[in-house]
Amino acid sequence: MVSRLVLVLGDQLSAGLASLKAADKARDVVVMAEVADEAGYVPHHPKKIALIFAAMRKFAVRLRGDGWNVRYARLDDPDNAGSICGELLRRAEETGASEVIATEPGEWRLINALQHCPLKVRLLEDDRFIASHAEFDHWAEGRKALRMEYFYRDMRRKTGLLMEGDTPVGGQWNFDHDNRKPAREEVTHVPIRFEPDDVAEEVLDLVETRFSDNFGTLRPFGFATDRDQALRALRHFVDHALPRFGDYQDAMLDGDRFLYHSLLSAYINIGLLNPMEVCQEVENAYEKGDIPINAAEGFIRQIIGWREYVRGIYFREGADYPTRNKLNHKRKLPNLYWGAETRMRCVAKAVAQTRDEAYAHHIQRLMVTGNFGLLAGIDPGALHEWYLSVYIDAFEWVEAPNTVGMSQFADGGIIASKPYVSSGNYINKMSDHCRHCAYSVTKKTGEGACPFNLLYWHFMDRHRDRFEGNPRMAQMYRTFDRMDADKRETILTEAQGFLDRMDAGEQV
Ligand code: FAD
Ligand code: DLZ
Ligand code: SF4
């Protein structure tokens with residue numbers, strides 16, 4: 001019988017993958033390929049490329065050990081075709097196969113490329129997610145607003161996680177009001193790191209040679225690159241950080257990059273960990289009495305709520321979603337996102353950490369770099385490309401709704417009911433950055449006034465027509481209008497001056 005090709009992409013490294021389940025070990029051939037197209041569609045952080053290549057190589061070894069026939073192309077193989085479709089065509093010619101079984105990629109670009117590849121490609125739905133496309137669409141159908149909270153409750157009912165029959169454990173669905181504690185200065189959690197093994201070392205050398213111009217520091221590299229290590233990272237998180245995850249979820253500290261966050265997103269996104277097993281581990285810890293309900297519920301909501309919800313939106317909204325720009329923001333991305341010096345301590349810290357770790361936690365992404373981008377009117381497409389490039393966990397299905405929708409309001413309010421904008425006050429409340437900053441968070445105007453304070457009102461002013469009628473923003477417009485006219489004028493002029501200096505490439 002003629003063999004079929006079974007495609008396994010760099011973020012599909014799961015033994016239970018749909019395409020592997022549908023294939024026949026005895027006759028089918030697994031195709032895996034490190035290709036220039038995937039490594040180059042954005043300038044990925046070197047750590048991200050290293051993680052994916054090392055994890056792919058180790059997964060191929062594992063599949064061979066399980067009896068699969070694997071054809072693996074390394075990036076520097078002389079015959080490498082440079083694209084996923086090209087590699088499939090090459091392997092089809094080698095093996096005589098004419099049919100490909102693939103699990104749906106997490107990006108429209110690659111789905112499109114597979115659909116146009118001149119081979120018969122059977123795309124299977126990615127069942128590592130909890131909600132299928134049909135389930136999400138069924139939930140969304142006919143609703144005026146697609147709010148995550150209601151979707152999340154359905155996912156709790158479907159999975160049975162933290163449920164007692166039909167009612168949520170602890171008597172309420174959401175314990176977020178317990179999760180807004182500001183930063184504490186002594187954080188006891190140190191994330192687990194893994195010394196690169198021979199496979200990882202070889203990949204690090206390759207990445208060093210080929211991608212040294214990309215933004216980001218490659219070494220030291222401490223990410224898990226196989227399932228056993230990823231499981232150890234999960235257990236380490238549950239034992240050491242999860243108990244305080246809820247309390248300090250929104251906090252930021254000048255001297256601590258990770259606080260009590262899990263750093264598990266990349267492992268879940270590339271398939272080393274399954275989202276349900278992660279949640280079950282957390283539920284077990286709660287049932288054993290090791291962690292409080294606000295930690296368990298808060299964490300599980302991020303995975304079965306937010307993660308599933310943003311994926312549903314990405315696929316429901318279609319391929320043009322990442323290009324949306326409802327607020328018509330056009331400013332080019334300032335160099336400070338690529339590490340140019342800035343006096344804004346919060347931004348400088350988030351960007352430096354991103355460069356070193358390929359990681360920043362949610363509030364840094366949303367309320368520092370995202371908030372600044374939105375206030376400054378930066379083109380959301382440019383921000384989308386930045387977030388997709390620089391984070392270890394960035395794949396378009398999850399990155400684009402978070403950036404374009406949640407953070408930049410560029411989808412016009414499908415994900416967020418109001419824009420996530422704030423003055424310096426929020427950052428000061430949730431962090432200690434302002435104490436170390438050249439700007440003064442308490443100054444609203446004049447020399448040294450915090451730029452977030454100026455730009456906040458600039459944003460409100462330039463989008464008055466759109467947001468004045470939003471009941472959740474009306475109070476802020478009233479506050480602005482109560483200021484005397486001179487003060488309003490000064491704020492707007494100073495904000496514009498700041499933007500002009502930034503556009504001119506001056507250090508701000
Ligand atoms: P934790 O704080 O420990 O949270 C636990 C888990 O919940 C995460 O591992 C992740 O799987 C899930 N999760 C939490 N929040 C979200 C969310 N909003 N959407 C989806 N899953 C979530 N997450 C990505 O996985 N990839 C991205 O490319 C990405 N881009 C983002 C861009 C912006 C502008 C923003 C505001 C958020 C983005 N997020 C993205 C969501 C979130 O910031 C990261 O999932 C989280 O910071 C990963 O770190 P962690 O594993 O330590 O998460
Ligand atoms: C992100 C990435 C990178 C950097 N390189 C590869 C690769 O060489 N081969 C591969 O199969 N996958 C890679 N990936 C992951 C894909 O880009 C990912 O599958 C799509 O973006 C869909 O989520
Ligand atoms: Fe950021 Fe403003 Fe605080 Fe400086 S003063 S750290 S710019 S919020």
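The rules behind each value
- Residues numbered from 1 in each chain as written.
- Chains lettered and ligands numbered in written order.
- Predicted model: local features only at pLDDT ≥ 70, side-chain atom pairs only at ≥ 80, totals over all residues.
- Heavy atoms only, no water.
- Helix = DSSP H or I, 4+ residues; strand = E, 2+ residues; numbered from the N terminus.
- Polar contact = N/O pair within 3.5 Å; in protein donor to acceptor, adjacent residues only side chain to side chain.
- Contact = heavy atoms within 4.5 Å.
- Near = heavy atom within 4 Å.
- Nonpolar A, V, L, I, M, F, W, Y, C, P; charged D, E, K, R; others polar.
- Phe/Tyr/Trp six-rings, centres within 6.5 Å; stacked < 30°, edge-to-face > 60°.
- Buried < 20%, exposed > 50% of the residue type's maximum accessible area, 1.4 Å probe, protein only.
- Lys NZ or Arg CZ within 6 Å of the ring centre and 35° of its normal.
- Domains from an automatic or database assignment.
- Buried area = accessible area lost by both parts, 1.4 Å probe.
- Salt bridge = Lys/Arg side-chain N within 4 Å of Asp/Glu carboxyl O.
- Core = buried A, V, L, I, M, F, W, Y, C linked by side-chain atoms within 4.5 Å.
- Disulfide = S-S within 2.5 Å.
- Pairing = 2+ DSSP bridges.
- Axes fitted to C-alpha atoms, helices over the stretch in contact; angles between N-to-C directions.

1. As for the side chain of Arg365
Phase 1: Within the secondary structure, Arg365 is located in helix H15 (residues 362–376).
Phase 2: Here the side chain of Arg365 touches Asp393 through a polar contact of 3.0 Å, side chain to side chain.
Phase 3: Those residues in contact with Arg365 that lie beyond four places of it in its chain are Tyr359, Ala360, Gly370, Tyr387, Tyr391 and Asp393.

2. Remarks on the site of ligand 3
Phase 1: In the vicinity of ligand 3, the contacting residues are Met344, Arg345, Cys346, Gly424, Ile427, His433, Cys434, Cys437, Tyr439, Val441, Cys450 and Phe452.
Phase 2: In terms of residue class, the shell around ligand 3 is built from nine nonpolar, two polar and one charged.

3. Some remarks on the packing of aromatic side chains
Phase 1: Counted under the stated rule, the structure contains 29 aromatic pairs.
Phase 2: Considering the side-chain rings of Phe237 and Phe245, the 6.1 Å spacing of their centres and the 90° angle between planes classify their relative orientation as edge-to-face.
Phase 3: What makes Phe237 buried here is its relative accessible area of 1%.
Phase 4: Aromatic pair Phe258 and Tyr359: ring centres 5.7 Å apart, planes at 40°, arrangement tilted. Here Phe258, found in the loop between helix H10 (242–245) and helix H11 (265–270), pairs with Tyr359, found in the loop between helix H14 (345–357) and H15; they are 101 residues apart in sequence, far enough to count as distant.
Phase 5: Three or more aromatic residues joined by ring pairs form one cluster here, namely Phe136, Trp139, Phe151, Trp306 and Tyr309.
Phase 6: Residue placement shows Arg311 over the ring face of Phe129; its charged tip is 3.9 Å from the ring centre.
Phase 7: The residue whose ring lies beneath Arg343 is Tyr439, and the NZ or CZ to ring-centre distance is 4.7 Å.

4. Some thoughts on the domain arrangement of the protein
Many descriptions give the size of an interface as the accessible area lost when the pieces come together.
Phase 1: Here the protein is described as being made up of domain 1 (5–124), domain 2 (133–191 + 241–316) and domain 3 (335–503).
Phase 2: Using C-alpha coordinates to define each centre, domain 1 is positioned 39 Å away from domain 3.
Phase 3: Between domain 1 and domain 3, the residue contacts involve 13 residues of the former and 15 residues of the latter.
Phase 4: Between domain 1 and domain 3 lies a buried interface of about 1,100 Å² when both sides are counted; carbon and sulfur atoms form 60% of it.
Phase 5: The interface formed by domain 1 and domain 3 holds zero salt bridges in total.
Phase 6: Run the count over domain 1 and domain 3 and you get seven residue pairs in polar contact (both at pLDDT 80 or more).

5. Quick look at the nonpolar core
Phase 1: Formed by 162 residues in total, the largest nonpolar core has its most connected members in Met32, Leu242, Leu264, Tyr309 and Phe372.
Phase 2: By residue number, the principal contributor to this core is helix H13 (residues 293–317), which donates twelve residues.
Phase 3: Among residues more than four places away in sequence, those in contact with Met32 are Val8, Leu13, Met56, Phe59, Ala60, Leu63, Val70, Arg71, Tyr72 and Ala73.

6. Thoughts on the state of the cysteines
Covalent bonding between the sulfur atoms of two cysteines is what defines a disulfide.
Phase 1: Taken as a whole and assessed by the stated rule, the structure comprises one disulfide.
Phase 2: What pairs with Cys85 in a disulfide is Cys117, and their sulfur atoms sit 2.1 Å apart. Residues Cys85 and Cys117 share a disulfide whose torsion about the S-S bond is about 85°; that sign makes it right-handed. Separated by 32 residues along the polypeptide, Cys85 in helix H4 (residues 84–95) and Cys117 in the loop between helix H5 (108–115) and strand S5 (120–124) bring together distant segments of the chain. Each member of the pair Cys85 and Cys117 is classed as buried.

7. Observations concerning the environment of Val169
Phase 1: Mapped onto the elements of the fold, Val169 is located in the loop between strand S7 (167–168) and helix H8 (198–210).
Phase 2: Given the relative accessible area of 10%, Val169 is considered buried.
Phase 3: The contacts of Val169, once residues within four sequence positions are left out, are Arg156, Leu162, Met163, Glu164, Phe175, Tyr286 and Ile293.

8. Examining the sheet that holds strand S2 (residues 29–33)
Phase 1: Across the sheet, five strands lie side by side as S3-S2-S1-S4-S5; this open sheet has parallel pairing. Two strands in the sheet have a free side with no partner beyond their single neighbour: strand S3 (69–73) and S5. The average undirected angle you get between the axes of adjacent strands in this sheet is 25°.
Phase 2: Looking at chain direction, strand S4 (residues 99–103) and S5 are connected through five bridges and run parallel. Residue pairing across strands places Val100 opposite Val121, the latter belonging to S5.
Phase 3: On top of the sheet, helix H3 (residues 46–65) reaches S2 and S3; it is set at about 160° to S3, its chief contact.
Phase 4: Along the sheet, H4 contacts strand S1 (5–7), S2, S3 and S4; its crossing angle with S3, the most-contacted strand, is approximately 135°.

9. Examining the site of ligand 1
Phase 1: Contacts to ligand 1 come from 28 residues, most closely from His261, Ser262, Leu263, Tyr359 and Asn402.
Phase 2: Measuring from an oxygen atom of ligand 1, one finds a backbone N or O atom of Ser265 at 3.0 Å.
Phase 3: Between ligand 1 and the protein, one listed contact pairs a nitrogen atom with a side-chain N or O atom of Arg365 at 3.5 Å.
Phase 4: Considering every element that reaches the shell around ligand 1, the biggest residue donor is helix H17 (residues 396–407), with six residues.

10. A short note on the pattern of salt bridges
Phase 1: Within this structure, the stated rule accounts for 42 salt bridges.
Phase 2: Note that Arg91 and Glu87 form a salt bridge whose closest N and O atoms lie 3.8 Å from each other. You can see Arg91 and its partner Glu87 sitting in helix H4, four residues apart, about one turn around the helix. Accessibility assignment for this pair places Arg91 and Glu87 in one class, buried.
Phase 3: Put simply, Asp137 and Arg316 hold a salt bridge, and the shortest N to O gap is 3.3 Å. Of this pair, Asp137 sits in helix H6 (residues 133–140) while Arg316 is found in helix H13, placing the two residues 179 residues apart along the sequence.
Phase 4: Residue class for Asp137 comes out partly exposed when judged on its relative accessible area of 29%.
Phase 5: Using a relative accessible area of 31% as the deciding quantity, one classes Arg316 as partly exposed.
Phase 6: One connected set of salt bridges, linked through shared partners, spans Arg71, Glu87, Arg90, Arg91 and Glu94.

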